[in-house]
Structures are given as structure tokens and as C-alpha cells.
Amino acid sequence: KQAVLKSAGLVKPVSVTRIPGRYLVHQEGLPKLPVPPLRQTMGRYLAALQPIVSQEELEHTRMLVEEFQRPGGVGERLQKGLERKARKTENWLSDWWLQTAYLEYRLPVVVHSSPGVVLPRLEFHDRQGQMWHAAKLIAGVLDFKNMIDNETLPVEFLGGKPLCMNQYYQILSSCRIPGPKRDSVVNHALSMKPPSHITVVHNFQFFVLDVYNSDGSPLTVDQIYVQLEKIWNSSLQTNKEPIGILTSQHRNTWGKAYNNLIKDKTNKESVRAIQKSIFTVCLDAPMPRVSDELYRSRVATQMLHGGGSRWNSGNRWFDKTLQFIIGEDGSCGLMYEHAPAEGPPIVALVDHVVEFTKKSETVRSPMIPLAMPQKLRFNITPEIKKDIEKAKQNLNMMVQELDVKVMVFSHFGKEFPKSQKMSPDAFIQMALQLAYYRIYSLCCSTYESASLRMFRLGRTDTIRSCSQESLLFVRAMDDAAKQNQEKVDLLQKAIQAHRAYTDMAIQGQAIDRHLLGLKLQAIEDLTTIPEIFMDTAYAVALHFNLSTSQVPAQTDCVMCFGPVVPDGYGVCYNPMAEHINFSVSAFNSCAETNAARLCHFLEEALVDMRDLLMQTPRSKL
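The following refers to the structure shown. Since we're looking at a predicted model, the values are computed, not measured.

This part takes up the overall build of the protein. Counting its regular elements, the protein contains 19 helices and 18 strands. Compactness check: the protein gives a C-alpha radius of gyration of 25 Å against a globular reference of 25 Å for 621 residues, within 12% of the reference. Dimensions along the principal axes, computed over C-alpha positions, put the protein at roughly 75 × 55 × 55 Å. Burial status across the protein gives 59% buried among its 621 residues. Taking all contacts inside the protein whose residues are at least 6 apart in sequence as the whole, residues at least 24 apart take part in 76%.

Have a look at this one:
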């Protein structure tokens, strides 16, 4: 019987013999992603626009919608095309989504796409501690990899339904490769000779570290430690060219520089070794010290971009799917390239690794002398040197640009909304709506990711947290003329509406991916783009000033990512039992946004909503 995985927390693996093909059998049992009915999506689209556009704009869009969905019209033709695609493919959306959301997206992956994860601070302040922890962490990832390789990973469930496990098979031994117009992702996990090495970066220098013995058994923690020590001692110079910083560039720029870089045979082999590696470990130099209050925010910047070219930004290969980052000063976390996977599989791996490092007692292994890890060589031509200088300048501008705050909200955690029979996620989302409304006196298009993993190869759709119900609640909350009872009723209705939208989204019935599919179908058919997609209301709907995600974990960590629009916020949260970890990002170049300000108003909103519920007798809705 397959073990159940609660949210993202991992069940302790029991030793299971490999059942070849178990994964495939599981995958084939999953339903295909549906194409929602056209009229349903159009009706829900108009409802989603109501709180964010003016009455005139809404009326104009209503006319376009009527035209689009009329019998025998453009909408019906495109809908039939999507339904045909759904019959013929495993998932009508997944390849389109990978291409448009990730591989064709040309902004740098740093800040704009790749999330970071801040892990709890570690109790060490020297290189020995850093390397012991890195060794345990590497062993923990290999332990998790063993479950992936043997197909013994416990299947996850959501609301009693089994989830697609495909993303777990994409995160190791994979890498993004830049192209001049679009990127690609290469996955070596299923090749004839799967990789048996990881890459380690220290002082901007890359090393290949073999993590398996010749008999196929993984190296033990103390064997890995010995190898890390060798790496450390042969990379003491701090004046090396930070070749990895090239991966932080605009994708077209990097695509050109990449083709130039790999013309040289040595460079090409070094780059291939990084791309093929199971994952990367970045041994970071200490960062500038800050107060305890600012510590987590500082680590968030380290995980997102490395702090700038004079700190650790050159100590990365940003195209690598998975990079664990361990600082000499006890900072710890990871960053991942978003194309192959979403947060929950990454966090499941993190939870497993953190548990493993806690219990991992070092086994003194017989000291078979191990080969010296190989340093990767790069021949730096004057042109490559110029590319590196340009990349440093651009990255340092991005570092200056990003404003990120990590807030630990300590007044209560998810247990409080649960005690009120409210969904913790919906409660937090309504607090975000209230905080935003209090700052700006209006609502904005809000994105919350919803998992489509109930379906084969499912990725995400959008929960639109800003609704007519949320607007009525946030308006009423600070209205002195309204009684508390009415405010509570409106809060309950807003939370129920959010819950209903969430359920609809995870069942493949949300609107955003369907609208995208209709638009891409029109492009594929080489017909003119329908009016509905050229409408200002569609642009407003897709301008997400609040881009949010709940990424729950057993570990007391928080994920962070940048805003998706110049005048927006990126908000990620992990609701623990008695506290909530938030990360909030904004851009400094936008005068209207400020991460600390949103944190302050978010904290107030959560406390005010709790007080409102505590002071008001419950009505039966």
C-alpha cells in the first residue's frame, strides 16, 4: 500500500524493493487535464474583472465576450481546437506552459523566475562546520534520490486524490540551456549512463565531485567531508573570474555568450559537467553581518541572487535546477530554476534532507583513498572577460533593485483560522487583500498558484484571490458605519468564495490557463488574435500586482521570489502551527511599492481580523 504524503511533509521511507514501472503505472492511472466549457470560463472571466476594472471597461469586455462565444463564432472554433489537442496529447497545456511561462521568457532567471528558500540558521561559524553540514546535506539528497531512482517515493495525495509525481523526476541531473530566442531543459537522469557526480562551487571555482563508489553505493558523510576539504584547500584564491555570473544575464545575451563560451573544447566540457551533475552545492563566503531582526531578509537576498558580484553571485550556475547554498557564517538554503518544477516537490525534498541531517550520525567508513575531485577549467578570452564584466554590472543593478523582507508573524499560526472553521490559506489571502486595500484604497489583480497535479503532467493554474466578495469585505472592514457582525459575515463569505475558487482551480476549472490556451490556439492556427485578448481589461487582469504562493513545509523555512510586474509584490508564505513565515519582495525603482510597508500592513490586517472574530459572536451562515 502506498504511503500517504500529508501536504509536503515526507513520510519516513521504509525499505521497499524496487517495483519497476510502478511510477508509470501510477502516472497512467491519473486523469487528463480537462478543457473547461467555453461559456463557463467566459462567465467567470467577467466575474473576475468586476472588482478590478471600471464599469465602462467591463461593459466593453462584456460585448467582446458575447461576440467571442456566439454560436459558430471564433471562440467555438478555438475551443474545438483545444479539445482536439486534449484528446491527442498527454496534457494539452503542459508543453505550451513550459515554453511560454519559462523557456521563451527572456528576462534573467535571477529574481524574475528562480525562487530561493531560506532554511533555519545553522549553529556554526567556520569552514569545518560549513563542510560537515554540506556533507550531511549531500548525503540527504542522495538518500532522497534513492527513493526517486527506485520508484519508492510515497505518492502524494490532495483531497484523497493521488497526485502526478512527474516533477520529482525532473529536478535532479537536469539543467536549463540558454538559446538565442528560447531556452531548453536537458535531463540526464534517464540517460543510459546516469550522472554520478555533483558540482561544488567555492570561490567561484567549480569542481566535479563523484558521490558514488565503484560498487554504486553512495559515499558516506565523512567520505564526502574529506572530499569537500580537498576542494576547499585547492580553491583558496579569491581572484578567479566568476564564470557562473554569466548565467544571470538576460537570456538572449547569455544565449549569445554561451555559444561563444562553448566554442572552446575545454569550456564546453566544463559546462557539460555542470549541466549533467545531479545538483550543485555552493560553499559561500561570509556575507556582511546584520542584526538578528534583518538576518532572514539578508539570507533571502543571498538565496535569490547571491548579494552581488563582490559577494556570492559568482558562486552560482543559475541555470542549474537545484543549488544548495551553505555559507561559512551559518546561512543555509537553496535556489532552484523554475522551468522543471514548482515549490512543493522542492520543499518535500528539503523536508527530507533536513530530517536526514538531524538524524545522520556519521558512520566512520573505512578510509579507502578517494580520487581528488576534478577542478573544471575555463579558458577566458578577452571577449568572455568582457561578457563577465557586463554580467557583473547588470547583476549588481538587479541587487540594488530588489527589496525583500522576511517576516515571522508570531501572533498566531494556522491553528487560529482552523479553530474558526476557516481555511488558513483563504484567511491569509484575505488579510493580504485587506493590507493592499488599506495602502492603495483599491484592489488589484492577485495571483495565487494552484496545483494541477491531480492531472497527468499537471503544473499550476491561477487562484484569483481578488473577488467581488473580497472587495465587499475589505471595504466594510474599516467602515465605521458597519456593525462587527456584518463584517464577520462578509469575511466568511469572502473566505468561502476563495475556498470555492481554489477547489475549482485544482479540478482544472479555473480560467487563466484556459484563456491562455485559446489565445495560443489562435496563434497556432495563424488566425488574427481575437479582440478579447487585445482588450485593456485582459491586460489589467494579467497585470498581477500581487503574485502570491503558499508553500507549506514541515521545516521552519520560507520560500521567496521576486515580483512579476515592475509595480508589484511577490509574497510567499509557510503557515506553521503557531506562527507564519512570510517573504515579501518589491522593486526599489517603483516609488509606490515598499516591502516593509506591505509587511507592516499585513501584520495589522491579520491581527485585526483575529480581533474581529474574537469579539463577535458567530452567526450561522
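Applying the stated rule across the entire model yields 17 aromatic pairs. Ring centres of Phe409 and Phe412 lie 5.0 Å apart, and the angle between their planes is 80°; this geometry places the pair in the edge-to-face category. Overall, the relative accessible area of 0% leaves Phe409 in the buried class. Each member of the aromatic cluster is reached from another via a ring pair, and the members are Tyr45, Phe68, Phe533 and Tyr538.

We now examine the sheet that holds strand β12 (residues 402-409). One open sheet accounts for six strands, arranged β12-β18-β17-β15-β13-β14; its pairing is mixed. The outermost strands of the open sheet, each flanked by one partner alone, are β12 and β14 (460-464). Between one strand and the next, the sheet's axes are offset by a mean angle of 25°, whatever the strand orientation. One ladder, built from five bridges, connects strand β15 (residues 546-550) with strand β17 (residues 569-575); its direction is parallel. Across the sheet, Thr548 pairs through a bridge with Val571, a residue of β17. Contacts from helix α17 (residues 512-524) reach β13 (446-451) and β14 within the one sheet, and its direction differs from that of β14 by about 120°.

When helix α8 (residues 251-261) is considered as a whole, its buried residues turn out to be Arg251, Trp254, Gly255, Ala257, Tyr258, Asn260 and Leu261. Buried residues in α8 make contact with β4 (174-177), α9 (265-276) and α12 (382-401).

The grouping of Lys193, Lys268, Arg272 and Lys276 at the surface amounts to a positive patch. Considering the arrangement of structural elements, one finds Arg272 in helix α9. Overall, Arg272 belongs to the partly exposed group, its relative accessible area being 33%.

With respect to topology, eight strands assemble into an open sheet ordered β11-β7-β6-β8-β9-β10-β1-β16, the strand pairing being mixed. What marks the edges here is a single partner per strand, and that holds for β11 (374-375) and β16 (558-560). For strand β7 (residues 205-210) and β11, the ladder comprises two bridges, and the chain directions are antiparallel. Note that in β11 the partner of Phe207 across the bridge is Lys375. Across the sheet, helix α6 (residues 127-149) lies against β6 (197-202), β8 (280-284), β9 (322-327) and β10 (332-336), angled at about 155° from β9, the strand it touches most. Of the strands in this sheet, β9, β10 and β16 are in contact with helix α11 (residues 343-359), which crosses β10 at around 150°.

Turning our eyes to something else, we now look at the side chain of Ser114. Its location among the elements puts Ser114 in the loop between α5 (94-103) and β1 (116-118). Within the structure, Ser114 has its side chain in polar contact with the backbone oxygen of Tyr336 (distance 3.5 Å). When sequence neighbours within four positions are dropped, the list of residues in contact with Ser114 reads Val109, Leu304, Met335, Tyr336, Glu337 and His338.

Another point: the pairing of strand β18 (residues 580-587). Residues in a regular strand project their side chains so that they alternate between the two faces of the sheet. Of all eight residues that make up β18, eight are buried, and the element is covered over most of its length. Because side chains alternate across β18, one face comprises the buried residues Ile580, Phe582, Val584 and Ala586, and the other comprises Asn581, Ser583, Ser585 and Phe587, equally buried. The sheet contact formed by β12 and β18 spans eight bridges and is antiparallel. Looking at the pairing, Phe409 lines up with Ile580 of β18.

Quick look at the nonpolar core now. Within the largest apolar cluster, 95 residues are counted, with the highest numbers of intra-cluster contacts made by Tyr45, Phe427, Phe473, Tyr569, Val571, Phe582 and Leu598. The leading source of residues in this core is helix α14 (residues 424-440), at twelve residues. By size, the runner-up hydrophobic cluster in this structure holds 59 residues, among which are Leu142, Ile198, Leu219 and Leu322.

Each value, and the rule that gives it
Residues numbered from 1 in each chain as written. Predicted model: local features only at pLDDT ≥ 70, side-chain atom pairs only at ≥ 80, totals over all residues. Heavy atoms only, no water. Helix = DSSP H or I, 4+ residues; strand = E, 2+ residues; numbered from the N terminus. Rg over C-alpha atoms; globule rule 2.2 N^0.38 Å. Buried < 20%, exposed > 50% of the residue type's maximum accessible area, 1.4 Å probe, protein only. Contact = heavy atoms within 4.5 Å. Phe/Tyr/Trp six-rings, centres within 6.5 Å; stacked < 30°, edge-to-face > 60°. Pairing = 2+ DSSP bridges. Axes fitted to C-alpha atoms, helices over the stretch in contact; angles between N-to-C directions. Patch = residues over 30% accessible without salt bridge, like charges linked within 9 Å, V, L, I, M, F, W, Y side chains within 5 Å. Areas by Shrake-Rupley, 256 points an atom, 1.4 Å probe, with all protein chains shown as cover. Salt bridge = Lys/Arg side-chain N within 4 Å of Asp/Glu carboxyl O. Lys, Arg positive; Asp, Glu negative; His and termini not counted. Charge placed at Lys NZ, Arg CZ, Asp CG, Glu CD. Polar contact = N/O pair within 3.5 Å; in protein donor to acceptor, adjacent residues only side chain to side chain. Core = buried A, V, L, I, M, F, W, Y, C linked by side-chain atoms within 4.5 Å.

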